[in-house]
Amino acid sequence: MKQWWLNLASRERRTLVIGGVSLAVILFYFLLWQPLHQDNAQLARDVEQGEALLHWTRNTVAEIRARGGGEQIEVGADPEQALFALADSHAREAGLGDVLQRVEPSGEGGARVAFQQVGFDDLMHWVGSLQHQYGVRIGLLTLQQSELDGRVDAQLVLELPGS
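Residue numbers restart at each chain and count upward from 1, following the sequence in its written direction. Local features in this predicted model are restricted to residues whose pLDDT is 70 or higher, and side-chain atom pairs enter the listing and the counts only when it is 80 or higher, whereas totals over whole chains, interfaces and linings include all residues. Neither water nor hydrogens contribute to the side-chain values; these are computed over all heavy atoms in the structure.

**Student:** Quick question: what am I supposed to make of helix H3 (residues 83-93) here?
**Tutor:** Think of an α-helix as 3.6 residues a turn; residues three or four steps apart then line up on the same face. Residues of H3 that are buried include every one of Leu83, Leu86, Ala87, His90 and Ala91, and no others. Projected down its long axis, H3 carries its buried residues within an arc of 125°, all on one side. Residue Gly95 follows H3 closely and has a positive phi angle near 80°. The rule is simple: take the accessible area with a 1.4 Å probe, protein chains only, and divide by the maximum for that residue type; under 20% is buried, over 50% is exposed, in between is partly exposed. Runs of H or I in DSSP of at least four residues are treated as helices and runs of E of at least two as strands, each being numbered from the N terminus. When we speak of the arc, we mean the arc of directions from the helix axis to the C-beta atoms.

Next comes the structure, spelled out in structure tokens:
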């Protein structure tokens, strides 16, 4: 290899050096710099969207608490109806039946409800309606952002006041 290099004319050696350096720069740019830069930009956009969702969620929670916090609400129209049955029928009436995954009893008079890819606004309206009409409270709420914008996977534990 060394002998081959020495047998080349100085013009050919210079051309090969310039070509090698150019190839190294091009490979560095397309294989390292550009993918890292694009990934960094995507991560920055994801963080920005996450912060916006967090800010919106906090404002919505504050709004829901403000609406339901000061009112005296009568508990359930039919006290004999189990909370899990009420939650199921109310969700279906609200048009959430297709995203309702599971409704089951939880503890004494409580209900565990799971939704998949439910619209966040729809879920909050449903919870607010249950709270306003029946005095139902959320004991536990777990939300996970879905792949679709504005939709979440949600698990709730609902409770009646005093239980």
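**Student:** Is there a simple way to think about helix H4 (residues 120-134) in this case?
**Tutor:** The span one expects for a helix is its residue count, reduced by one, times 1.5 Å. The terminal C-alpha atoms of H4, which comprises 15 residues, lie 21 Å apart, in line with the 21 Å expected from a rise of 1.5 Å per residue. Among all positions in H4, only Phe120, Leu123, Met124, Trp126, Val127, Ser129, Leu130, Gln131 and Tyr134 are buried. Gly135 sits one or two positions beyond H4 and adopts a positive phi of about 75°.

**Student:** Honestly, the sheet that holds strand S3 (residues 137-145) in this entry has me stumped. Any pointers?
**Tutor:** Each strand in a sheet pairs with its neighbour through backbone hydrogen bonds, running either in the same direction (parallel) or in the opposite one (antiparallel). Each pair of strands is called paired provided DSSP finds at least two bridges between the two strands. Ordered in space as S1-S2-S4-S3, the four strands form an open sheet in which the pairing is antiparallel. At either margin of the open sheet sits one strand with a lone partner, and together these are strand S1 (100-106) and S3. Neighbour to neighbour, the strand axes of the sheet diverge by 15° on average, direction disregarded. Contacting S1, strand S2 (110-119) and strand S4 (151-159), H3 crosses the sheet at an angle of about 160° to S1. Comment: axis = line fitted to C-alpha atoms, over the contacting stretch for helices; angle = value between 0 and 180 degrees taken between N-to-C directions. Any two residues whose heavy atoms approach within 4.5 Å at even a single point are treated as in contact.

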